[in-house]
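Working through the structure, step by step
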Amino acid sequence: MKICVISGSPKGEESITLQYVRFIEQAFPEHTFSVVHAGRDIRKMEQDREEWDVALNKVRESDGMFFATPVYFMLVPGQLKRFIELAAERDAMQAFAGKYTAVLTTSIHFFDHTAHVYLHGISEDFGMHYVGFYSAHMQDLKSEDCQERLILFFSDFIDAIREKRSIQREFPPLPVAMPSYVPSGRKTGVDTCGKKVVILHDAEPGSVQETMVREMAGIYAGPVMVADIRESMMKGGCLGCCRCAFDNICVYKDGFRDFWEKYVVPADILIMAGTIRDRYLSATWKQWNDRSFFNGHVPALEGKQIGYLVEGPLAHLPNLREVLAMRVMMGKANLVGIVTNESGDSGEIDTAIRTLASRSVRFAEQGYISPATFQAVGGRKLFRDEIWGGMRAIFKADDRYFRTHGLYDFPTKNYLERIGNRLFSFFLDIPGIRKNVEKNLVTHMIRPFRETIEKSRVLAKRRAKQG
Ligand SMILES: Cc1cc2nc3c(=O)[nH]c(=O)nc-3n(C[C@H](O)[C@H](O)[C@H](O)COP(=O)(O)O)c2cc1C
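The shown structure was predicted, so the numbers you read here are calculated from the model rather than taken from an experiment. (Residues numbered from 1 in each chain as written. Predicted model: local features only at pLDDT ≥ 70, side-chain atom pairs only at ≥ 80, totals over all residues. Heavy atoms only, no water.)

**Side note on the domain arrangement of the protein**
If you check the domain split of the protein, you get domain 1 (2–162), domain 2 (190–366), domain 3 (374–404) and domain 4 (414–466). In this structure, domain 2 and domain 4 have C-alpha centres spaced 42 Å apart. (Domains from an automatic or database assignment.)

**A short note on the pairing of strand β10 (residues 269–275)**
Of all the seven residues making up β10, six are buried; the element is thus mostly covered by neighbouring parts of the structure. One ladder, built from four bridges, connects strand β7 (residues 197–201) with β10; its direction is parallel. Its bridge partner being in β10, Leu-200 is matched across the sheet by Met-272. Where β10 lies against strand β11 (residues 305–311), seven bridges are found, and the strand directions are parallel. Residue pairing across strands places Ile-271 opposite Gly-307, the latter belonging to β11. Crossover handedness for the path β10 to helix α9 (residues 283–291) to β11: right-handed. (Buried < 20%, exposed > 50% of the residue type's maximum accessible area, 1.4 Å probe, protein only. Helix = DSSP H or I, 4+ residues; strand = E, 2+ residues; numbered from the N terminus. Pairing = 2+ DSSP bridges. Right-handed = clockwise from strand over helix to strand, strands pointing away.)

**Describing the packing of aromatic side chains**
Summed over all chains, the structure comprises 27 aromatic pairs. Ring centres of Phe-73 and Phe-293 lie 6.5 Å apart, and the angle between their planes is 85 degrees; this geometry places the pair in the edge-to-face category. Here Phe-293 lies in the loop between α9 and β11 and Phe-73 lies in the loop between β3 (64–70) and α4 (78–89), a separation of 220 residues in the sequence. Residue Phe-293 is classed as partly exposed on the basis of its relative accessible area, which comes to 21%. With a centroid separation of 5.3 Å and an interplanar angle of 80 degrees, the aromatic rings of Trp-285 and Trp-288 are classed as edge-to-face. (Phe/Tyr/Trp six-rings, centres within 6.5 Å; stacked < 30°, edge-to-face > 60°.)

**A look at a nonpolar patch on the surface**
Together, Ile-419, Leu-423, Phe-426, Phe-427, Ile-430 and Ile-433 line one region of the surface with nonpolar side chains, adding up to about 550 Å² of accessible area. Of the residues forming the nonpolar patch, the biggest block, four residues, is contributed by helix α14 (residues 415–428). Counting through the fold element by element, Phe-426 comes out in helix α14. Residue classification places Phe-426 among the exposed positions, given a relative accessible area of 53%. (Patch = residues over 30% accessible without salt bridge, like charges linked within 9 Å, V, L, I, M, F, W, Y side chains within 5 Å. Areas by Shrake-Rupley, 256 points an atom, 1.4 Å probe, with all protein chains shown as cover. Salt bridge = Lys/Arg side-chain N within 4 Å of Asp/Glu carboxyl O.)

**As for unusual backbone geometry**
The residue Met-233 is not glycine, and still its phi comes out positive at about 50 degrees. By secondary structure assignment, the location of Met-233 is in the loop between β9 (224–228) and α8 (256–264). What makes Met-233 exposed here is its relative accessible area of 57%.

**Things to note about the site of the ligand**
For the ligand, the set of nearby residues contains 20 residues, the closest of which are Ser-9, Ser-15, Thr-17, Val-71 and Thr-106. Backbone polar atom of His-109 to an oxygen atom of the ligand: 3.3 Å apart, as the coordinates give it. Protein chains bury 93% of the 640 Å² of accessible surface belonging to the ligand in isolation. Breaking the shell around the ligand down by element, the ones donating at least two residues are α1 (16–27) and β4 (100–107). Across the shell around the ligand, the residue classes break down as 11 nonpolar, seven polar and two charged. Mapping the shell around the ligand onto the domain boundaries places at least three of its residues in each of domain 1 (2–162) and domain 2 (190–366). (Near = heavy atom within 4 Å. Polar contact = N/O pair within 3.5 Å; in protein donor to acceptor, adjacent residues only side chain to side chain. Nonpolar A, V, L, I, M, F, W, Y, C, P; charged D, E, K, R; others polar.)

**Here we look at the pairing of β7**
Among the five residues in β7, five count as buried, and that is most of the element. Across the two faces of β7 the burial is the same, with Val-197, Ile-199 and His-201 and Val-198 and Leu-200 all buried. Pairing of β7 with β9, which is carried by five bridges, proceeds in the parallel orientation. Counted as the bridge partner of Val-198 is Met-225 from β9.

Printed below as a string of structure tokens:
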């Protein structure tokens, strides 16, 4: 069978993910593999129609399509995102329709699931039959367990093609038309109280996004910096070279770093506006996010109040909502809210924008950051373990940050607690003590809070006095 591999890595033949494909290729000599280097050659495909046609012919001639891509910022690299956009823009989806497809990613398993959901949805939008995914840790290939599983996974993919397996669609198509937004024009300004407000966007002239950005900027009664992310003059997408890992310095000499320093770093309140294209925002936003990788794995948005303005059917894309929210939470920032134009009710959108503005200032003044939920708690532990466990040799800047900020907070380091736990466990082996503890277990769990609750009234009085 002819398998067309869409490779998402900007590293081309030197991609880690592609080594997994090469392994599969050797294991299945009866099949032929052709690779479309979407990640490496996207610029050429955009500019040279022949390059695009060559790529598309590989897709057309194949019996099965295999996405092989690294996970970048909880999704695929901006370059692959652009390839997907181009296919839609150039009406090339027919070349993909009806084919069986599967996804192979490599990553450190940080939000690999959101990348898979994205490609699953895209595959179905393109009319393909999605067979499944294989999510490898970037170093898994050396293990025999991974090798065996990869072979089983790929065999199943081939079987699906051969038997013309019937596969149910999982992600319904997105609504095509989105309502417009006509602001009321009545404005009572929200005092910024000296907080620095920045709005970043990629709005096209005349778009709903542009209107939302204008309204958002206008609602603050104070200076607001508004910038189009294209002004950062990126020369290209992240190359995945990881040379920034040593000192947080990117190899690109373009305007991205200055833009980041000018707009993102000083912002107390950061509003990001985008328009949904396929199942994410634009490839430009994706590229912009990827380029912020020069910050490494530190919480680069720490302490900021973040809001999003989204034009498009976000309610149909819980995966995108998760990506947007978790970018904020992983950055130790506070997600104030996400406003969309989905309702089509301009009055309601006006109110949502006003609420976003007033809450952003109030929270900025109070310094409120919401506690992390499962994904971000898990994500932080994963970064800690991965950086400590091996990445720190190269990710030296991360290592310095994690050390100086006490982020290597492994529970095993708390010796007092360890001794206490051991002793407690030892006592619980004594039947009499265990019986007593069992009887009072529920009360025992809330006992440590009693004093705190009693103090709460005192604190409330103190707050009331302070006005
Ligand atoms: C810009 C950038 C963003 C990344 N984002 C993620 C991520 O969100 N989750 C993850 O687990 N790994 C992430 N990684 C790690 C890569 O997925 C991983 O190193 C992958 O194996 C690289 O594959 P490649 O050599 O085929 O490009 C990121 C790497 C880069 C350079």
